[in-house]
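# Architecture and fold: a report
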Amino acid sequence: MFRIPNFYQMNMDFDTAKAVFNGDLLKGMEMINEHWDRYASGQSDDMYEDDDAFFDCWQYEVNAYNVVYSTMKPSFPGE
């Protein structure tokens, strides 16, 4: 899950999260996770000067990620 600053947190339902990812939940979650990993490791070519810039750009996707993750997590016991 993403630790989203309060300013960028949204009250998003599961249907909206699915729409953000165009219905392909796994692909969408992998995509935003890859963007975060590149940013966090310094491989994003300085596209984002800080976390705030990252979340400003990807606020819908990170919120959708957290909604999908929270909704699906009970389906995988032991996680």
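All of the points below concern the structure found in this document. Just so you know, these numbers come straight off a predicted model, no measurement behind them.

### Some words on the nonpolar core
It is characteristic of soluble globular proteins that their nonpolar side chains tend to be buried jointly. One finds Phe-2, Phe-21, Ile-32, Phe-54, Phe-55 and Val-62 to be the most contacted residues of the largest nonpolar core, which totals 19 residues. For this core, the secondary-structure elements that each account for two or more residues are helix H2 (25-40) and helix H3 (51-72). A per-element tally of this core places H3 first, with eight residues.

### Re the packing of aromatic side chains
Following the criterion strictly, the structure yields twelve aromatic pairs and no others. An angle of 80 degrees between the planes, with centres 5.2 Å apart, marks the rings of Tyr-48 and Phe-54 as edge-to-face. Ring-pair connections join several aromatic residues into one group, and the members of that group are Phe-2, Phe-7, Tyr-8, Trp-36, Tyr-39, Tyr-48, Phe-54, Phe-55, Tyr-65 and Tyr-69.

### Looking at H2
Under the 1.5 Å per step criterion, the end-to-end length of H2 is 22 Å for 16 residues, consistent within 8% with the ideal 22 Å. On its buried face, H2 is in contact with helix H1 (14-20) and H3. Just beyond H2, the residue with positive phi is Gly-42, at close to 80 degrees.

How each quantity is defined
- Residues numbered from 1 in each chain as written.
- Predicted model: local features only at pLDDT ≥ 70, side-chain atom pairs only at ≥ 80, totals over all residues.
- Heavy atoms only, no water.
- Core = buried A, V, L, I, M, F, W, Y, C linked by side-chain atoms within 4.5 Å.
- Buried < 20%, exposed > 50% of the residue type's maximum accessible area, 1.4 Å probe, protein only.
- Helix = DSSP H or I, 4+ residues; strand = E, 2+ residues; numbered from the N terminus.
- Phe/Tyr/Trp six-rings, centres within 6.5 Å; stacked < 30°, edge-to-face > 60°.
- Expected span 1.5 Å × (residues − 1).
- Contact = heavy atoms within 4.5 Å.

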